[in-house]
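Single-letter residue listing:
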Amino acid sequence: MFRSSRASVALLACVLVPSLAAIGCGGERLRGEETAVLTAPPLVPPPITRTHPTKVIVNLEAHEQTARLADGVDYTFWTFGGTVPGSFIRVRQGDVVEFHLANHPSSKNPHNIDLHAVTGPGGGASASLVIPGQTATFTFTALNPGLYVYHCATSPVGMHIANGMSGLILVEPKEGLPKVDREYYVQQGEFYTRGDFGVAGHQPFDMRRAIDEDPAYVVFNGSAGALMGDKALTADVGETVRLYVGNGGPNLVSSFHVIGEIFDRVYTEGGTKQINENVQTTLIPAGGAAIVEFKVETTGNYILVDHSIFRAFNKGAIGMLAVGGAADSSVFSGRQYEGIYQPEGGAMQRMPTAAAPVVPTAKNRAEQIAMGERVFAQNCAACHQPNGSGLAGAFPPLAASDFLNADPKRAIGVVLHGLSGPVTVNGVQYNSLMPALSLNDEDIANVLTYVYSQWGNNGTRVTPDQVKAARAAGGQRVNMDAH
Ligand code: CU
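Let me begin by describing the structure that accompanies this report.

Each value, and the rule that gives it
- Residues numbered from 1 in each chain as written.
- Predicted model: local features only at pLDDT ≥ 70, side-chain atom pairs only at ≥ 80, totals over all residues.
- Heavy atoms only, no water.
- Helix = DSSP H or I, 4+ residues; strand = E, 2+ residues; numbered from the N terminus.
- Buried < 20%, exposed > 50% of the residue type's maximum accessible area, 1.4 Å probe, protein only.
- Areas by Shrake-Rupley, 256 points an atom, 1.4 Å probe, with all protein chains shown as cover.
- Pairing = 2+ DSSP bridges.
- Contact = heavy atoms within 4.5 Å.
- Polar contact = N/O pair within 3.5 Å; in protein donor to acceptor, adjacent residues only side chain to side chain.
- Donors = N, O, S within 2.8 Å, 3.2 Å for Na, K, Ca; no water.
- Tetrahedral: all angles 85-135°; square planar, octahedral: opposite > 155°, others 65-115°.
- 1 Å grid on protein atoms, 1.4 Å probe; cavity = no way out; pocket = protein on both sides within 12 Å on 5 of 7 lines; lining within 4 Å.
- Points joined across faces, edges and corners; volume = space filled by probe spheres on them.
- Nonpolar A, V, L, I, M, F, W, Y, C, P; charged D, E, K, R; others polar.
- Salt bridge = Lys/Arg side-chain N within 4 Å of Asp/Glu carboxyl O.
- Axes fitted to C-alpha atoms, helices over the stretch in contact; angles between N-to-C directions.
- Phe/Tyr/Trp six-rings, centres within 6.5 Å; stacked < 30°, edge-to-face > 60°.

## Quick notes on the overall build of the protein chain
(1) Moving on: A count of helices and strands for the protein chain gives 11 helices and 25 strands.
(2) Moving on: Evaluated residue by residue, the protein chain yields a buried proportion of 49% over its 483 residues.
(3) Moving on: Within the structure as shown, the protein chain displays about 22700 Å² of accessible surface, and the carbon and sulfur contribution to it stands at 55%.

Pasting the structure below:
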């Protein structure tokens, strides 16, 4: 009660005052008027250089549209500003924000907005409720600095958020934020689709899965791979990077981590006073945010993940910061040596004394496929995914793979010896490392025959004799740099 009455008094004062051109909230003079620059993720509007509060007009549109959720997977997103997460809004503490929410005439649902930066009932929700083809306006004063989530709060609230209706609003403190070289907007969120991760086609929302908190997708910036490959974030050595990280949820808490970096500073929970230093992983609650800053000291690809790690490698919560410039080997050497590890010493290699375990031999192609499926599940599915789809920006697909179908002998070599360097599969370049798998000839023949029999591949049968011949011919890791 106290809070809402205090808020209404504050609102009254700050809204009335500009018309009188007198003193705004916090004793600062409110001057002028401007329309907020909104940006689509991962971009952030420029820092505010004003040293006084002003009236800021924000025009945001709710728009329902079908777009890519993952390769081959579409989803009908409900958006703020046409993107998931919604447009980034940047104002200054003390600004009087005149907020216009419009609902596109093509929408099928009413929408509204609850901004966590608002002091006032519902964060603006009922004041902004609009049916398709309607627009509504309300005004609030940005009393508290910080990074805040906004989201739709129309019933069923969870469904509107789950369909993509959340984003971030930054209220810069009066003194501004320290200058950095790069600023980016990253927001995590889950999607509850009828089909599991990677199941192709247009996927409808699944309310049962949402209630059970069992998402098929956990992603950054609205889709699997939104920050991978040529869409990776970029920086150069020596620069300081600031990430505005939100978590729209609707259900899960994020353990936000950047592999290979340490956050020099974390504005805990998006507040401005509690700044933690030297942090590996920061917890971001559903409906919460954090600001993380770090200097990039050497080159390479730094991987953004939710460190609840199955979400990263199996549900899409993975992104990339590609750092260019000159590598600093005093910070990180890279791999300096590679050799044979002999735990018993070179002279003590034991020959097997017992009879080698009996490996059942497949009698025909059908048996090879059945046995190969088990080898695949144990050795390959974690990276290439159970349905062979691969992982955008990280692991190439095996499904309908032109690389695989073009050259079975090369494929045998890859499984025998591993693969490194850039490789182009179905027109997309990948650059990761595949280790040599210590499988016997029979297993390699079976797993390849299985893969060739699946997902639109050309049905090639690979025999143990072919693998044996390739092994006898020798060779080493297939290095695509040399091709
Ligand atoms: Cu909505």
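## A short note on the pairing of strand β14 (residues 240-249)
(1) Moving on: In terms of burial, β14 is a largely internal element, 10 of the 10 residues being buried.
(2) Moving on: By the alternation rule, side chains of β14 split into Thr240, Arg242, Tyr244, Gly246 and Gly248 and Val241, Leu243, Val245, Asn247 and Gly249, which are all buried.
(3) Moving on: The sheet contact formed by strand β10 (residues 182-191) and β14 spans 8 bridges and is parallel. Bridge pairing in β14 links Tyr185 to Tyr244.
(4) Moving on: Across 8 bridges, β14 lies against strand β19 (residues 288-295) in antiparallel orientation. When the sheet's bridge partners are listed, Leu243 is paired in β19 with Val292.

## Notes on the environment of Thr298
(1) Moving on: Inspection of the secondary structure puts Thr298 in the loop between β19 and β20 (300-306).
(2) Moving on: Sequence-wise, Thr298 and Ser329 are 31 residues apart; in three dimensions their C-alpha atoms are separated by 7.8 Å.
(3) Moving on: Sequence-distant contacts of Thr298, that is, excluding residues within four places in its chain, are made with Val237, Val323, Ala327, Asp328, Val331 and Phe332.
(4) Moving on: A distance of 2.8 Å separates the side chain of Thr298 from the backbone nitrogen of Asp328, its partner in a polar contact.

## Remarks on the coordination of the copper ion
Ideal geometry at a metal centre: 109.5 degrees between donors when four sit tetrahedrally, and 90 or 180 degrees when six sit octahedrally.
(1) Moving on: Coordination sphere of the copper ion, protein contribution only: His111 (ND1), Cys152 (SG), His160 (ND1) and Met165 (SD), at 2.0 to 2.6 Å.
(2) Moving on: For the copper ion, the 4 donor atoms are set out with angles of 83 to 138 degrees between them, so the coordination reads as irregular.
(3) Moving on: Mapping the donors of the copper ion onto the primary sequence gives the spacing H-x40-C-x7-H-x4-M. Here Met165 lies in the loop between α3 (157-162) and β9 (166-172) and Cys152 lies in the loop between β8 (146-151) and α3, a separation of 13 residues in the sequence. Of the two residues, Cys152 and Met165, both sit in the buried class.

## Some words on the layout of surface pockets
(1) Moving on: Empty space within the largest pocket amounts to approximately 1100 Å³.
(2) Moving on: Around the largest pocket sit 37 residues that line it, and Leu391, Ala392, Gly393, Ala394 and Tyr430 are the ones nearest its centre.
(3) Moving on: Breaking the lining of the largest pocket down by element, the ones donating at least two residues are β2 (55-70), β20, β21 (318-324) and β24 (428-430).
(4) Moving on: Classifying every residue of the lining of the largest pocket gives 19 nonpolar, 14 polar and 4 charged.
(5) Moving on: Residue lining of the second largest pocket: 29 residues in total, with His384, Pro396, Leu398, Val414 and Met434 positioned closest to the centre.
(6) Moving on: Considering only residue class, the lining of the second largest pocket consists of 24 nonpolar, 5 polar and no charged.

## A look at the pattern of salt bridges
(1) Moving on: The full count for this structure, using the stated rule, is 20 salt bridges.
(2) Moving on: The residue Asp212 makes a salt bridge to Arg208 at a minimum N-O spacing of 3.0 Å.
(3) Moving on: The class for Asp212 is partly exposed, based on a relative accessible area of 46%.
(4) Moving on: In this structure Arg208 comes out as exposed when scored by relative accessible area, which is 51%.
(5) Moving on: Through salt bridges that share partners, Arg90, Glu172, Glu183, Arg242, Arg265 and Glu293 make up one connected network.

## Observations concerning the sheet that holds strand β18 (residues 281-284)
(1) Moving on: Strand order in this open sheet of 5 strands is β13-β21-β20-β15-β18, and the pairing throughout is mixed. With partners counted over all chains shown, the strands left at the sheet margins are β13 (233-236) and β18, one partner each. Strand-to-strand, the axes of this sheet are offset by a mean angle of 20 degrees, without reference to chain direction.
(2) Moving on: Where β13 lies against β21, 4 bridges are found, and the strand directions are parallel. Across the sheet, Leu233 pairs through a bridge with Leu321, a residue of β21.

## Some details on the packing of aromatic side chains
(1) Moving on: Scanning all chains against the criterion turns up 15 aromatic pairs.
(2) Moving on: A ring pair is formed by Phe77 and Phe191, whose centres lie 5.4 Å apart and whose planes are at 85 degrees; its orientation type is edge-to-face. Highlighted residues: Phe77 in strand β3 (residues 73-80) and Phe191 in strand β10, separated in sequence by 114 residues.
(3) Moving on: Given the relative accessible area of 4%, Phe77 is considered buried.
(4) Moving on: Ring plane angle 85 degrees and centroid distance 5.9 Å describe the contact between Phe220 and Phe256, whose orientation is recorded as edge-to-face. With Phe220 in strand β12 (residues 217-220) and Phe256 in strand β15 (residues 254-259), this residue pair connects regions lying 36 residues apart in the sequence.

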